[in-house]
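Below, each chain spelled out in residue letters.
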Amino acid sequence: MRICLVCLSVLVLAFTAPLDATATETGKRLALVIGNGQYEAAGTLPNAVRDAREFGAFLSARGFDADVVVDADRGQLAEAVSQFVRKIKNDDVALFYFAGHGMQLRGENYLVGTDARLASEFDVAAETLALADVIAAIEKKSKIALFFLDACRNNPLANRLNQEIEGATRSIATRGLAPVETESAGTMVAFAAAPGQVASDGSGKNSPFTTALISHLAGPGLEIGTAFKRVIRDVRKATDGKQSPQILSSLSLEFYFDPSLPKEERAVSTPAIDPEAIEIEADFRKALRINTPRIWGLFLKKHPTGEQAILARQLLSQFLPVPAPGSGTNAEMRESGLGLSRTQRHDIQVALTGRGFAAGTPDGAFGQQTRRALTDYQASIGVARSGYVDEDTAKSLGMSVQAYGNGLYSSPLARVYNPKDFEGLEIDPRVLKAIACNPYYERTYGSFNGHLYVLMRAGLITRKSAASVSKQCGGYLATITSDAENSFIASLLNKDQRLFLTGYDPRGHVSYKMGAWVGLIQDPSGKEPRGGWKWENGEPMTYSKWFRDMPNEDKPGDDYGMYYAHRQGKADTKTQYVDTWDDMGESDGGYSFVLELE
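First, a word on scope: everything that follows refers to the structure included in this document. (Residues numbered from 1 in each chain as written. Predicted model: local features only at pLDDT ≥ 70, side-chain atom pairs only at ≥ 80, totals over all residues. Heavy atoms only, no water.)

### Section: the overall build of the protein chain
Phase 1: When you go through the protein chain residue by residue, the secondary structure sums to 17 helices and 23 strands.
Phase 2: Within the protein chain, buried positions represent 54% of all 598 residues.
Phase 3: In the protein chain, the share of contacts with a sequence separation of at least 24, taken over all contacts with a separation of at least 6, comes to 70%. (Helix = DSSP H or I, 4+ residues; strand = E, 2+ residues; numbered from the N terminus. Buried < 20%, exposed > 50% of the residue type's maximum accessible area, 1.4 Å probe, protein only. Contact = heavy atoms within 4.5 Å.)

Right, here's the structure in full:
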């Protein structure tokens, strides 16, 4: 028995025009079936070829002109798809089937040829076929387009590529599920196994999923949705519940696969439009494109039940459960998650005193007297007596505050996000602001003590330009006032090596690693090299994390702070963790900057 982790099988039915009872019979039924099993650098998948041949025979018996291609390298894959597309006419039904290795990289799905080695991420385009390109080419030519992909995502090539990109502890090349986008009016997507589950080949000549497809897909009188319910039942039974196919559907019409069914018995109906179902499907596709633990949590909060909710929980379970600081029951951490400003703290003290609870001088600092006043006040309104502010306490004092959890909100690697995908899901206005600002910049972001920090990857950018963009976004270059805050920002920065500018400086015989600009500036009248440093937003510098022997005023005008570290000699700095700073000048450039939003 061969086991493939996180195997994906997708069926996409795309209707590009309204369909009547005879629409599927006015043109030809064409199919391209590919089975790749003999991989040069990824081992053997014995059932991939058998499943392809069996499914090809199944299709031929159902009126399809099916071409079966086995063990195709990348060039043969491309040629097979190209010839297939040239055969398709506007009234045809076109079916594409692929069994073999597939993978996801940075949100895109790829089909892997038998000759692929994928030594680095730059080899992906040359050694694989992008699934989105295959879908676009076929659905553009056909009236109905169907895509079956039985592509085992967790394969040796993807695992090695994953380590090459960001280390063995993460899985950008294999974890998660990229969306399948079509230009159709109706789509059905069926998964051989729920993401995160193990999909088995079974003990027979075909996998449980392929066996169930052949048994039920063309059952007489069975609409395709009903047929897949039987597929799900059979696969669950055959695997003792370890494998559960998933189906998502936005089909606007019923579709019957069996062409032998008499026309008079084929009921083609248009289901009533369900606005709620349309919204759920739209939100699910948005969440797929964003694909972060936070967005799946927000999706489930909005849509806790139904098919998409089940799949969303399975997708969410693929991410390592890293509890964010402040996400538990600790009252102090809950208060820090509110990110109360000094003004808000002042107003709370005034409100407490006005209600007869002596909070001391309203100075915006919560000392022992304010804590006692808070405890007594909470007892009077019947909430937990913690002495720390939470949302309920603030609300009862007449203040509206927003609780923000600490931790990574986005993908750990900087990427471009579409602001429209966040509409209706994201509830944090700071995130919406951060995503809408300069949307073509790649970014990664997270929240700490009520502030949102956004690492922007902008190519080579000066401090002046970084500060200008930050201001346009409604924030400022980051102000760092504690070791915990600095550690959090550094944790975001070090997850993506593309945020660093690296090189070798022969003057000091060091290999440097320049990170993101922060809001640290030196007053021109300050005594060099350490005098007069402050933050752009006006806060005094009470905390610093200079790299050893920094700042050093290497050249006149080195008056701006940036994350920085170096190693002696010509060295590889890829694994060097950077949480320290250096002084840089206006003419210096970096690849990133830290935007802070309150």
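On we go.
### Brief notes about the nonpolar core
Phase 1: Within the largest apolar cluster, 71 residues are counted, with the highest numbers of intra-cluster contacts made by F299, Y445, Y563 and F593.
Phase 2: Among the nonpolar cores identified, the runner-up in size contains 60 residues, and L77, F96, I138 and A145 belong to it. (Core = buried A, V, L, I, M, F, W, Y, C linked by side-chain atoms within 4.5 Å.)

### Observations regarding the environment of D558
Phase 1: Mapped onto the elements, D558 comes out in the loop between β20 (533-535) and β21 (560-568).
Phase 2: By relative accessible area, D558 is classed as buried at 1%.
Phase 3: Between the C-alpha atoms of D558 and Q522, which are 36 residues apart in sequence, the distance is 8.4 Å.
Phase 4: Beyond its immediate stretch of four places on either side in the chain, D558 contacts Q522, W533, E553, D583, M584, G585 and D588.
Phase 5: From its side chain, D558 meets the backbone nitrogen of G585 in a polar contact 3.2 Å long. (Polar contact = N/O pair within 3.5 Å; in protein donor to acceptor, adjacent residues only side chain to side chain.)

### Concerning helix α4 (residues 131-141)
Phase 1: Along α4, the positions that sit buried rather than exposed are L131, V134, I135, I138 and E139. For α4, the arc enclosing every buried residue in end-on projection is 110°, short of the 170-degree limit, so these residues lie on one face. Opposite the buried face of α4, at more than 90 degrees from it, the exposed residues are D133 and K140. (Arc of directions from axis to C-beta.)

### So, the state of the cysteines
Phase 1: Tallied over the entire structure, the rule returns one disulfide.
Phase 2: Through a disulfide, C437 is tied to C473; the S-S separation comes to 1.6 Å. On the sign convention where negative means left-handed, the S-S torsion of about -55° between C437 and C473 marks this disulfide as left-handed. Of the two residues, C437 is situated in the loop between α15 (429-436) and β15 (442-448) and C473 in the loop between α16 (463-472) and β17 (476-477); the sequence distance between them amounts to 36 residues. (Disulfide = S-S within 2.5 Å.)

### Here's the deal with the pairing of strand β3 (residues 29-35)
Both faces of the sheet carry side chains from a regular strand, because those side chains alternate between them.
Phase 1: By the criterion of burial, β3 is predominantly enclosed, with seven of the seven residues buried.
Phase 2: Alternating positions in β3 separate into two faces, R29, A31, V33 and G35 on one and L30, L32 and I34 on the other, with burial throughout.
Phase 3: Direction of pairing for β3 relative to strand β7 (residues 93-105): parallel, over a ladder of seven bridges. Across the sheet, R29 pairs through a bridge with V93, a residue of β7.
Phase 4: Both β3 and strand β6 (residues 65-70) contribute to a ladder of six bridges, which runs parallel. Looking at β6, one finds that A31 is bridged to A66. (Pairing = 2+ DSSP bridges.)

### Thoughts on the packing of aromatic side chains
Aromatic ring pairs: the centre-centre distance and the angle between the two ring planes describe each pair.
Phase 1: Under the counting rule described, the total for this entry stands at 17 aromatic pairs.
Phase 2: Look at F96 and F147: their rings are 6.4 Å apart centre to centre, the planes differ by 50°, and that puts the pair in the tilted class. In this pair, F96 is assigned in strand β7 and F147 in strand β10 (residues 144-152), connecting sequence segments 51 residues apart.
Phase 3: With a relative accessible area of 1%, F96 lands in the buried category.
Phase 4: Look at F284 and F299: their rings are 5.7 Å apart centre to centre, the planes differ by 70°, and that puts the pair in the edge-to-face class. Residue F284 is found in helix α8 (residues 275-290), and its partner F299 is found in helix α9 (residues 293-302); the two are separated by 15 residues along the sequence.
Phase 5: Residue classification places F284 among the buried residues on the basis of a relative accessible area of 1%.
Phase 6: One residue, R294, lies across the ring of Y409, its end atom 3.9 Å from the ring centre.
Phase 7: Directly above the ring of Y504 sits K570, whose terminal nitrogen or CZ lies 5.3 Å from the centroid. (Phe/Tyr/Trp six-rings, centres within 6.5 Å; stacked < 30°, edge-to-face > 60°. Lys NZ or Arg CZ within 6 Å of the ring centre and 35° of its normal.)

### Quick notes on α16
Phase 1: Among the residues of α16, R463, A466, A467, V469 and S470 are the ones counted as buried. Down the axis of α16, the smallest arc covering the buried residues is 165°, so these residues share one side. Counted as exposed and oriented over 90 degrees from the buried face of α16: K464, K471 and Q472.
Phase 2: Looking at the packing, one finds that the buried side of α16 touches β16 (451-462), β17, β19 (510-522), β21 and β23 (589-597).
Phase 3: In the segment just after α16, G474 is the residue with positive phi, at about 85°.

### Points about the pattern of salt bridges
Phase 1: One pass over the structure, following the stated rule, counts 24 salt bridges.
Phase 2: E442 is paired through a salt bridge with R457; the nearest N and O atoms lie 2.4 Å apart. Taken together, the positions of E442 in strand β15 and R457 in strand β16 put the pair 15 residues apart, joining distant regions of the chain.
Phase 3: It is possible to trace a salt-bridge network through shared partners that takes in E279, D283, K286 and K302. (Salt bridge = Lys/Arg side-chain N within 4 Å of Asp/Glu carboxyl O.)

### Regarding the environment of L520
Phase 1: Residue placement: L520 occurs in strand β19.
Phase 2: By relative accessible area, which is 0% here, L520 ends up buried.
Phase 3: Along the chain, L520 and S544 lie 24 residues apart, while their C-alpha atoms are 9.8 Å from each other.
Phase 4: Aside from chain neighbours lying at most four places away, what touches L520 is W533, K534, W535, M541, W546, D559, Y560, G561 and W581.

### Topic: the packing of α8 against helix α10 (residues 307-317)
Phase 1: Where α8 meets α10, the axes come as close as 11 Å, and the angle between the chain directions of the two elements is 15°. Classified by the interaxial angle, the pair formed by α8 and α10 is roughly parallel. Like other packed secondary-structure pairs, α8 and α10 cross with a definite hand, here left-handed. Where α8 approaches α10, its residues I280, E281, F284 and L288 are matched on the opposing element by Q308, L311, A312 and L315.
Phase 2: Of the residues that constitute the contact of α8 with α10, the class distribution is six nonpolar, one polar and one charged. (Axes fitted to C-alpha atoms, helices over the stretch in contact; angles between N-to-C directions. Parallel < 35°, antiparallel > 145°, perpendicular 65-115°, else oblique. Left-handed = near helix turned anticlockwise from the far one by under 90°. Nonpolar A, V, L, I, M, F, W, Y, C, P; charged D, E, K, R; others polar.)

In short, geometric facts, not functional conclusions.
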